[in-house]
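Architecture at a glance
This is what each chain is made of:
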Amino acid sequence: MSDVLILFGSFALLLMLGVPVAYALAVASALTIWHLDLPLILVSQQLGAGAGSITLIAIPLFIFTGELMLRGGISERLIGLAGSLVGHLRGGLGQVNVLSNLFFGGVSGSAIADVSAVGGAMIPQMVKRGFDRDFAVNVSVSAALVALLVPPSHNLILYSAAAGGGLSIADLFAAGIVPALMMTAAMMLTGWWLARRRGYAVEAFPGFAVVFTRLVAALPGLLLVILIFVGIRAGIFTAVESAAVAVCYALIVTVLVYRSLRGPALIDACLHAAKTTGNILFVIAAAGLFGWLLAYLQVPALAVSALQAIADTPITVLLTIIVTLLVLGTFMDLAPLILICTPIFLPVAKAFGISPVHFGVVLILAGGIGLITPPVGSVLFVGAAIGRIEISQALRSIWPFYLAAGAVLLLVTLFPALSLWLPAALRS
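A short tour of the structure in this document, coming up. (Residues numbered from 1 in each chain as written. Predicted model: local features only at pLDDT ≥ 70, side-chain atom pairs only at ≥ 80, totals over all residues. Heavy atoms only, no water.)

1. So, the overall build of the protein
Put simply, the rule reads: Each helix corresponds to a stretch of at least 4 residues labelled H or I by DSSP, and each strand to a stretch of at least 2 residues labelled E; elements are numbered beginning at the N terminus. When we talk radius of gyration, it's over C-alpha atoms, and the globule rule is simply 2.2 Å times the number of residues to the 0.38. Note on exposure labels: buried denotes an accessible area under 20% of the residue type's maximum, exposed denotes more than 50%, and partly exposed covers the range between, all computed with a 1.4 Å probe on protein chains only. By definition in these notes, contact holds between two residues if any of their heavy atoms fall within 4.5 Å. Areas reported here follow the Shrake-Rupley algorithm with a probe of radius 1.4 Å; residue values treat only the protein chains shown as occluding. The charge count includes Lys and Arg as positive and Asp and Glu as negative, but it does not include His or the ends of the chains. Here the site of a charge means NZ on Lys, CZ on Arg, CG on Asp, or CD on Glu.
Scanning the protein from N- to C-terminus turns up 21 helices and 0 strands. Over its C-alpha trace the protein gives a radius of gyration of 21 Å, about what one expects of a compact globule, namely 22 Å for 428 residues. Projecting the C-alpha coordinates of the protein onto the three principal axes gives extents of approximately 70 × 45 × 45 Å. Expressed as a percentage of the 428 residues in the protein, the buried residues total 54%. Taking all contacts inside the protein whose residues are at least 6 apart in sequence as the whole, residues at least 24 apart take part in 79%. Surface accessibility of the protein: about 17,300 Å² in total, with carbon and sulfur atoms responsible for 70%. Positive and negative side-chain charges of the protein, numbering 18 and 14 respectively, have mean locations separated by a distance of 14 Å.

2. Some points on the nonpolar core
Note the following rule: Buried Ala, Val, Leu, Ile, Met, Phe, Trp, Tyr and Cys residues form a nonpolar core when they are joined through side-chain atoms within 4.5 Å.
Core analysis: the largest hydrophobic core is formed by 153 residues, its most contacted members being Phe11 and Phe359. Of the residues forming this core, the biggest block, 14 residues, is contributed by helix H10 (residues 169-198). Excluding residues that lie within four positions of it along the chain, Phe11 makes contacts with Val21, Ala24, Leu25, Ala28, Phe290, Met332 and Ile340.

3. Digging into the packing of helix H8 (residues 133-143) against H10
Heads up, the rule is: Here, axes are lines fitted to C-alpha atoms. For helices the fit covers the stretch in contact, and angles between N-to-C directions go from 0 to 180 degrees. The cut-offs work like this: below 35 degrees is roughly parallel, past 145 is roughly antiparallel, 65 to 115 is roughly perpendicular, and the gaps in between are oblique. Three classes are used: nonpolar for Ala, Val, Leu, Ile, Met, Phe, Trp, Tyr, Cys and Pro, charged for Asp, Glu, Lys and Arg, and polar for all others, with Gly counted as polar.
Two elements in contact, H8 and H10, have axes whose closest approach is 11 Å; the angle formed by their N-to-C orientations is 175°. As summarised for this structure, H8 and H10 are arranged roughly antiparallel, according to the angle between their axes. Residues Asp134, Phe135 and Ser142 of H8 form the contact with H10, whose participating residues are Met187, Gly191, Leu194, Ala195 and Arg198. Of the residues that constitute the contact of H8 with H10, the class distribution is 4 nonpolar, 2 polar and 2 charged.

4. Considerations on the pattern of salt bridges
Convention followed: Definition used for salt bridges: Asp or Glu carboxyl oxygen within 4 Å of a side-chain nitrogen of Lys or Arg.
Going through the model one piece at a time under the given rule, you end up with 2 salt bridges. Notably, a salt bridge pairs Asp132 with Arg198, separated by 3.1 Å at the nearest N-O pair. Remark: Arg198 occurs in helix H10 and Asp132 occurs in the loop between helix H7 (111-128) and H8; sequence separation between them is 66 residues. Owing to a relative accessible area of 30%, Arg198 belongs among the partly exposed residues under this scheme. What you see here is one network of salt bridges that share partners, running through Asp132, Asp134 and Arg198.

5. A few points about the packing of helix H13 (residues 263-296) against helix H16 (residues 334-351)
This is how it is decided: Helix crossings are classified by the rotation of the near helix relative to the far one: an anticlockwise turn of less than a right angle makes the crossing left-handed, while a clockwise turn makes it right-handed.
The geometry of H13 relative to H16 is characterised by a closest axis approach of 9 Å and an angle of 15° between their N-to-C directions. Taken together, the axes of H13 and H16 lie roughly parallel to each other. As for the relative orientation of H13 and H16, their crossing is right-handed in sense. Two secondary-structure elements touch here, H13 through Val283, Ile284, Ala287, Phe290 and Leu294 and H16 through Pro336, Leu339, Ile340, Pro343 and Ile344. Among the residues forming the contact of H13 with H16, the class breakdown is 10 nonpolar, no polar and no charged.

6. Quick look at the packing of aromatic side chains
Condition: Centres within 6.5 Å are what make two rings of Phe, Tyr or Trp a pair, Trp counting through its six-membered ring; a difference in plane orientation under 30 degrees is then read as stacked, over 60 as edge-to-face, and the rest as tilted.
Taken as a whole and assessed by the stated rule, the structure comprises 9 aromatic pairs. An angle of 90° between the planes, with centres 5.8 Å apart, marks the rings of Phe8 and Phe290 as edge-to-face. Linking Phe8 in helix H1 (residues 2-16) with Phe290 in helix H13, this pair joins segments that are 282 residues apart in sequence. You can call Phe290 buried: its relative accessible area is 0%. Ring geometry for Tyr23 and Phe282: centres 5.1 Å apart, planes at 80°, overall edge-to-face.

Fair warning: the whole summary comes from geometry, so function is off the table for now.
Printed below as a string of structure tokens:
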């Protein structure tokens, strides 16, 4: 037990001192290995093993795809399409913000990156068009939750890798679609209600001709997501192969079709993708070392025993895990949260007969909500920085979005069919 306390205690202490998560994971693991009198070469071996999964090759490729979409004009056209479809509803650009996150999907692989990309474009526009800053920020950070489960979500790929790589990524992608649509509807309805209360103006519908024109312009971007999902689901290519196809497709669209990606923008996309990939893979490697120690110290078995002592049904177990994830998500990005918590809580879920696919959806939703929850909430901090408001100002009016996100999480938790129906239907 003392070894477990050293592992988690040193990790928590380093986080409180402001040490980045990846370094905190690595240092805490190294200290524990030293205390256990194990060979220190295990540190380098397990770091390499943690980032050595073939499935993880898909992550840098999808990150590069996201950079190409952002700088090659695809994201602008998706936002334009969303504007023509829902911009005339009460809340206007707020509705566009949510729908754009659904269209843009989880290509960035990080909720912080999503709110930076879409929120960075939408928040200044919303403020310029007369929306209050707190409303613009709250819509943007809440809309980032929509993108967490949309194929091709990096979060689901990370979850599959953290679960040992035995889960079908096609099933995970399918399982995230219905909850993502539910979250989209919940956030749009909440935005509409708040916009009505505040008396925001309603814009005119641009006409079906404009909708059709923007649909044609955005169709190549929409087809990218469809191509990836259908290709994996039909067994045409693996997740890694789909990521390579996505890069080639994005290059063809941005360079040859739109002709908007020039040399400097391409170099910029490569540099940003390389930097993001380095950060994520270091976290994955450090989490791999941490996860190996969890298994060595039999922490999953201890977690199963502890939860069996305080909970006796799958629902109570899930609710207990959700509370833990909400707390951890307030100071930790989703990628390390998935990599750390999956080896601990997935065995617990399996012990209570919970589907690993359903558990993955619940884990990502709960972790995502934690990212917009005080006292830290990294996505909330980024959104507030973009919107140039204090966190306290955003928190005074964000509660309706918390209620909406919590309602979706509760429904998905209580009714597993919401996430498991589509994978089963596509397999039949």
